[in-house]
Amino acid sequence: MKLSPRVLVHLFAMAGVFGVGVTALRAQEGPQGPMEAPAEHHVSRIGTEPEPPAPPSLPVEEIIRRFSVKEDEYLKSRPNYGFRKTVRIQEFGPDGSAIGEFLRVTDYQKLADGRVAMRAIEKPQSTLQGVYLAPEDLDALDRIPVYPLTSGQLAKYDLKFIGRELVDEVDCYIFQVKPKTVERAKAYFEGVVWVDAQYLEVVKTYGKWVTDQGDTRGIAQLPFSLFETYRENVDGKYWFPNYLRSDDTLHTKEGDIPVRLVIKWTDFKPAGAAQSVPKPAASPSSGTLCQ
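Please read these numbers as outputs of a predicted model, since none were measured by experiment.

Colleague: Go over the side chain of Glu91 with me, naming the residues and quoting the values.
Modeller: Assignment of secondary structure puts Glu91 in strand S1 (residues 81-92). Despite its burial, Glu91 remains without a salt bridge, the nearest opposite charge being carried by Arg217 at 13 Å. Of the polar contacts made by the side chain of Glu91, one reaches the backbone nitrogen of Gln129; its length is 2.6 Å. For Glu91, the residues in contact, after removing those within four places along its chain, are Ser97, Ala98, Ile99, Gly100, Thr127, Leu128, Gln129, Gly130, Val131, Ile257, Pro258 and Val259.

Colleague: Residues and numbers for the environment of Lys269, please.
Modeller: Mapped onto the elements of the fold, Lys269 is located in strand S11 (residues 255-270). C-alpha separation for the pair Lys269 and Lys110, spaced 159 residues apart in sequence, amounts to 8.0 Å. If we skip the residues at most four places from it in the chain, Lys269 touches Asn80, Tyr81 and Gly82.

Colleague: With reference to specific residues and values, describe the pattern of salt bridges.
Modeller: Considering all chains together, one arrives at 14 salt bridges under this definition. Residue Arg184 is joined to Asp212 by a salt bridge in which the shortest nitrogen-to-oxygen separation is 3.6 Å. Separated by 28 residues along the polypeptide, Arg184 in the loop between strand S5 (170-179) and strand S6 (188-196) and Asp212 in the loop between strand S7 (202-211) and strand S8 (214-215) bring together distant segments of the chain. Arg184 gets classed as exposed once you look at its relative accessible area, which sits at 60%. Judged by its relative accessible area of 37%, Asp212 is partly exposed.

Colleague: Explain the environment of Val131 to me, and be specific about the residues and the numbers.
Modeller: Mapped onto the elements of the fold, Val131 is located in the loop between strand S3 (116-126) and strand S4 (157-167). Sequence-wise, Val131 and Leu250 are 119 residues apart; in three dimensions their C-alpha atoms are separated by 9.0 Å. Setting aside anything within four residues of it in sequence, one finds Val131 in contact with Glu91, Gln221, Leu222 and Leu250.

Colleague: Mind laying out the pairing of S1, listing which residues take part and the relevant values?
Modeller: Taking burial as the measure, the 12 residues of S1 include 10 buried ones, the bulk of the element. Bridging between S1 and S11 involves 10 bridges; their strand directions are antiparallel. Considered in S11, the bridge of Val87 is made with Ile263. Connecting S1 to the antiparallel partner strand S2 (residues 98-110) that follows it, the hairpin turn spans 5 residues, and Gly96 within it adopts a positive phi of roughly 90 degrees.

Colleague: Give a detailed account of the environment of Glu254, specifying residues and quantitative values.
Modeller: As for its placement among the helices and strands, Glu254 is situated in the loop between strand S10 (238-252) and S11. Spatially, the C-alpha atoms of Glu254 and Gly130 are 8.8 Å apart, while their sequence positions differ by 124 residues.

Colleague: Break down the nonpolar core for me, with residues and values.
Modeller: When a protein is soluble and globular, its nonpolar side chains tend to lie buried together. Ranked by internal contacts, the top residues of the largest apolar core, which has 60 residues, are Phe67, Ile89, Leu138, Phe175, Val193, Trp194 and Leu261. By residue number, the principal contributor to this core is S11, which donates 7 residues. When sequence neighbours within four positions are dropped, the list of residues in contact with Phe175 reads Val60, Ile63, Ile64, Phe67, Lys160, Phe161, Ile162, Gly191, Val192, Val193 and Val195.

Colleague: Would you mind going over empty space enclosed by the protein in detail, with residue names and values included?
Modeller: A probe matching the size of a water molecule, rolled over the atoms, marks out where space remains unfilled. Counted according to the given criterion, the structure contains 2 cavities of 30 Å³ or more. One number sums up the size of the largest cavity: a volume of about 140 Å³. The set of elements that each furnish at least two residues to the lining of the largest cavity consists of S7, strand S9 (227-234) and S10. For the lining of the largest cavity, the per-class residue count stands at 10 nonpolar, 3 polar and 1 charged.

The rules we used
- Residues numbered from 1 in each chain as written.
- Predicted model: local features only at pLDDT ≥ 70, side-chain atom pairs only at ≥ 80, totals over all residues.
- Heavy atoms only, no water.
- Helix = DSSP H or I, 4+ residues; strand = E, 2+ residues; numbered from the N terminus.
- Buried < 20%, exposed > 50% of the residue type's maximum accessible area, 1.4 Å probe, protein only.
- Lys, Arg positive; Asp, Glu negative; His and termini not counted.
- Salt bridge = Lys/Arg side-chain N within 4 Å of Asp/Glu carboxyl O.
- Polar contact = N/O pair within 3.5 Å; in protein donor to acceptor, adjacent residues only side chain to side chain.
- Contact = heavy atoms within 4.5 Å.
- Pairing = 2+ DSSP bridges.
- Core = buried A, V, L, I, M, F, W, Y, C linked by side-chain atoms within 4.5 Å.
- 1 Å grid on protein atoms, 1.4 Å probe; cavity = no way out; pocket = protein on both sides within 12 Å on 5 of 7 lines; lining within 4 Å.
- Points joined across faces, edges and corners; volume = space filled by probe spheres on them.
- Nonpolar A, V, L, I, M, F, W, Y, C, P; charged D, E, K, R; others polar.

Structure representation (structure tokens):
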């Protein structure tokens, strides 16, 4: 099978970041490794004004500076919106069919007075067979930063331009990201980001979080460490995460179990759009996936 130049760029990007060969990446089948988002996901821009002409060619350093400034804006604006969050973890059998699942659906509503109210839409339920998962075990996911490449964080990373690729219909620059140093107390992003070539905004990320002890896991009991995150254009101004996926293998005494994590954020609403929740919860940190 002959691979297109676009696919080859993606494979070389993954190989350069994570230290594995392109042959190994091509050989991955099933739920492990980087995978395309399902057909239901679609990256698109909304707005009432016609799109301006494409910007002129810019130095790589200027592209990075511009998208990092926009990351600052999105990080600041994200806590002003409510949303519905769906967390789904699945186990798969040898034939690829789902054999177990954990599901939690929660509404996060930003109230006019600044509080964040949480309301369970569906009570957490689990038929997972390889591991017992309590709702509080998902708290670690809420501590993964959404926007690792804000202007204040750029000095801690090396970014390398490695090509262009379409993310759905959006033409994107691709940047390889590596931390200059790693620490024990703080995790740093290592992976790839896709930046809208016209508007210079991050629309997708793929990577992991590392310390001097190695890769960090999203959930301690499960092996998820590589995360592919797509963003949605909200109100024609902001790119917020709306789809995250991670695929890995859980090793048990009974054998290996392919597992998948999918998180979706939907129904974005600005503060004050819904205020009927009787019991607000404490607001999570604005720099986390929960926000």
